[in-house]
Amino acid sequence: MSSFYTGAEGCPYPTPATSVQVRNGSGGGLVLLQDTQLIETLAHFNRERIPERVVHAKAAGAYGEFECTHDCTDITSASFLNTVGKKSDVLLRISTVGPERGSADTCRDVHGWGMKIYTDEGNQDFVCNNIPVFFVRDPIKFPSLNRSHKRHPQTNLADSDMFWDFHLGNPEGIHALMHLFNDRGTPASLRNINAYSGHTYKFTKEDGSFKYIKLHLKAQDGVKNFTAEAATKIAGENPDFHTQDLFEAIEQGNFPKWDVFVQVMDPKEAETYKWNIFDMTKVWPHKDFPLRQIGRLTLNRNPQNYFTDIEQAAFSPSTMVPGIAPSADPILQARMFAYPDAARYRLGVNYQQLPTNRSKAPVYAPFQRDGFMNFTDNYGADPNYLNSSLKPTTFKAAGKVSTTITEHEKWVGEVSSFTSQIGPEDFEQATALWHVLGQQEGHQERFVNNLAGHLSGAKNATIRSRVYEYFSYVDKDLAARLRQVTEAKVAA
Ligand code: NDP
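Just so it is clear, the structure is predicted and the values come from calculations on it, not from any experiment.

Draft legend 1. Representation of the overall build of the protein in the model. Check the secondary structure of the protein and you find 13 helices and 12 strands. Against the globule reference of 23 Å for 492 residues, the protein gives a C-alpha radius of gyration of 26 Å, in line with a compact fold. Principal axes of the C-alpha set define a box for the protein whose edges measure 80 × 70 × 50 Å. The long-range share in the protein, meaning contacts at least 24 apart out of those at least 6 apart in sequence, stands at 71%. With the model as given, the accessible surface of the protein reaches about 25100 Å², and the carbon-plus-sulfur share is 55%. Taking the average place of the 51 positive charges on the side chains of the protein and the average place of its 56 negative ones, the gap between the two points comes to 1 Å.

Draft legend 2. Seen up close, the site of the ligand. Near the ligand you find 21 residues, and of these His 175, Arg 184, Tyr 196, Lys 218 and His 286 are the closest. Contacts to the ligand include His 179, whose side-chain N or O atom sits 3.1 Å from an oxygen atom. In the environment of the ligand, an oxygen atom lies 2.7 Å from a nitrogen or oxygen atom belonging to the side chain of Tyr 196. Protein chains shield 80% of the accessible area of the ligand, which is 760 Å² for the free molecule. By residue class, the composition of the shell around the ligand is nine nonpolar, 10 polar and two charged.

Draft legend 3. Structural view of the pattern of salt bridges. Evaluated as defined, the whole model comprises 29 salt bridges. With its nearest N and O atoms 2.9 Å apart, the salt bridge here joins Lys 233 to Glu 237. Pair noted here: Lys 233 and Glu 237 are both in helix 5 (residues 228-237), with a separation of four residues, about one helical turn. By relative accessible area, which is 53% here, Lys 233 ends up exposed. Take Glu 237: its relative accessible area is 56%, and that puts it in the exposed class. Between Asp 341 and Arg 344 there is a salt bridge; the shortest N-O distance is 3.6 Å. Note that Asp 341 and Arg 344 are positioned in helix 9 (residues 330-347) at a spacing of three residues, about one turn of the helix. In this structure Arg 344 comes out as partly exposed when scored by relative accessible area, which is 39%. Taken together, the shared-partner salt bridges connect Arg 137, Asp 279, Lys 282 and Asp 426 into one network.

Draft legend 4. The nonpolar core, seen in detail. In this structure, Phe 135, Trp 164, Met 178, Phe 447, Phe 471 and Val 474 are the most contacted members of the largest nonpolar core, which totals 40 residues. Secondary structure elements with two or more residues in this core: helix 3 (160-169), helix 4 (174-180), helix 10 (425-438), helix 11 (443-455), helix 12 (461-472) and helix 13 (476-491). Residues contacting Phe 447, with those up to four places away along its chain left out, are Leu 177, Met 178, Phe 181, Asn 182, Trp 434, Leu 437, Phe 471 and Leu 478. Listed in part, the 38 residues of the second largest apolar core include Ala 62, Leu 92, Leu 215 and Leu 332.

Draft legend 5. Representation of the environment of Asn 129 within the structure. Secondary-structure assignment places Asn 129 in strand 6 (residues 122-129). Residues Asn 129 and Ala 342 lie 213 residues apart in sequence; the distance between their C-alpha atoms is 18 Å. The residues contacting Asn 129, other than those within four sequence positions of it, are His 56, Val 110, His 111, Gly 112, Trp 113, Phe 134, Asn 194, Ala 195 and Tyr 196.

Draft legend 6. Summary view of the packing of aromatic side chains. For the coordinates displayed, the defined rule picks out 19 aromatic pairs. Note on Tyr 364 and Tyr 379: the rings are 5.5 Å apart at their centroids and 90° apart in plane angle, and the pair reads as edge-to-face. Here Tyr 379 lies in the loop between helix 9 and helix 10 and Tyr 364 lies in the loop between helix 9 and helix 10, a separation of 15 residues in the sequence. An angle of 65° between the planes, with centres 5.8 Å apart, marks the rings of Trp 434 and Phe 447 as edge-to-face. Linking Trp 434 in helix 10 with Phe 447 in helix 11, this pair joins segments that are 13 residues apart in sequence. Taking the relative accessible area as the measure of exposure, Trp 434 reaches 2% and is therefore buried. An aromatic cluster of three or more residues is present, and its members are Phe 163, Trp 164, Phe 181, Phe 427, Tyr 470, Phe 471 and Tyr 473.

Thresholds, definitions, all that
- Residues numbered from 1 in each chain as written.
- Predicted model: local features only at pLDDT ≥ 70, side-chain atom pairs only at ≥ 80, totals over all residues.
- Heavy atoms only, no water.
- Helix = DSSP H or I, 4+ residues; strand = E, 2+ residues; numbered from the N terminus.
- Rg over C-alpha atoms; globule rule 2.2 N^0.38 Å.
- Contact = heavy atoms within 4.5 Å.
- Areas by Shrake-Rupley, 256 points an atom, 1.4 Å probe, with all protein chains shown as cover.
- Lys, Arg positive; Asp, Glu negative; His and termini not counted.
- Charge placed at Lys NZ, Arg CZ, Asp CG, Glu CD.
- Near = heavy atom within 4 Å.
- Polar contact = N/O pair within 3.5 Å; in protein donor to acceptor, adjacent residues only side chain to side chain.
- Nonpolar A, V, L, I, M, F, W, Y, C, P; charged D, E, K, R; others polar.
- Salt bridge = Lys/Arg side-chain N within 4 Å of Asp/Glu carboxyl O.
- Buried < 20%, exposed > 50% of the residue type's maximum accessible area, 1.4 Å probe, protein only.
- Core = buried A, V, L, I, M, F, W, Y, C linked by side-chain atoms within 4.5 Å.
- Phe/Tyr/Trp six-rings, centres within 6.5 Å; stacked < 30°, edge-to-face > 60°.

By themselves, these figures tell us nothing about what the structure is for.
Quick look at the structure:
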């Protein structure tokens, strides 16, 4: 780096604070078009902002390491999991979902968890949340869900009527709502949240076999939450509370750690299991599929530059190493398109070349070249077409990718239009969580208060009544308490 100021093309400038003007005795000055320094300074400032993420805009992030702690070679051939003690570098970005970039960290929301493991066989991204389920299971509903949680098209305000109207029309979200409105909707720190893949993935082996898995990350320091009142107060006092807390903890050497687990299911078990394992509104109960540890995550290095390291980071569930593969979860399939597409829009078609996204394993992808802002050697004279005899290339991964099709993955059928239907089973796991809350001192009461705080903002009495009925399918007592507390707030 130069020790004196230059323009962006390296030419020294006299001082960065001057502009070229024709001046006269009146004290005024005419600024000249030839003043490249001034024009560059103003023009670049106008272009400093890149598109804000449509979801997950507000975030904190840091670097660290993933360590394989247990032998996993019986379930996956992923290289970063093939030796106990093996460490891989990691980037983690934790965000709220709905609110904008400048919003308060402690507002009630699901928290997103973008994790990039820079393995020796390329990048492995996991895009998790701090809740184990999602609000919808039909991918076409995804934009509608997010709009209903954001701002009303007329008032530009968050809108409880709109929020509940969406959820009443799409009741499969009840389980996720039970997560959002309990204490975990307002974490005390990003160091004290758990994260879940939600999606079912596959762990694959070179012999062609595979297992279905769900990923769980548990904070070693435990889950800690704010009450709704504390979260609201902090949002006013320090909107960047979580960002500051994470940065300062790492700066002080107080490195956050998570134990990383998988639930493992054989494809044969999936065929007869009670729950559809491709339905992201459902968990696999622990008693059926206990957690098995595979590793440990430690954050130990703050970003050097927020924009370069965190804002330019792009994560996608389609970024997978040999040994890990997608399942037939329709939301996962859709996210595998939507996430890279968002990155292409936000960062440009060569976003994988940016320092924070770049693989640490060698990259040779000569059929993906050119495009805006390509700053590699662009594969020089190498053929840009397949199957060249002039420069034959071997394919290392060929032997590592599962090619055996099991009974559970034989896809034969008719092309049809499909929307999932709602049934009583959609409320069962929500009820189970209501009972989990019942085992924790005062938690059911806080849940009712949190929910009533939001619902009492709905001006439409019919919508409120329908929400009471909706929650009565989770638990009748919950619904009665919700009605009482909400209507008291409305009347107050
Ligand atoms: P268990 O009855 O075996 O255990 C309850 C689980 O609930 C705990 O392991 C804990 O998961 C989680 N939990 C505790 N407090 C809260 C809270 N305030 N908000 C959300 N989760 C909490 O669990 P089951 O597997 O039989 O599932 C019962 C219910 O627990 C489910 O319907 C689901 O809503 C919830 N749950 C289940 C998970 C799963 O993957 N099976 C994961 C998380 C929640 P953890 O240790 O991960 O924090």
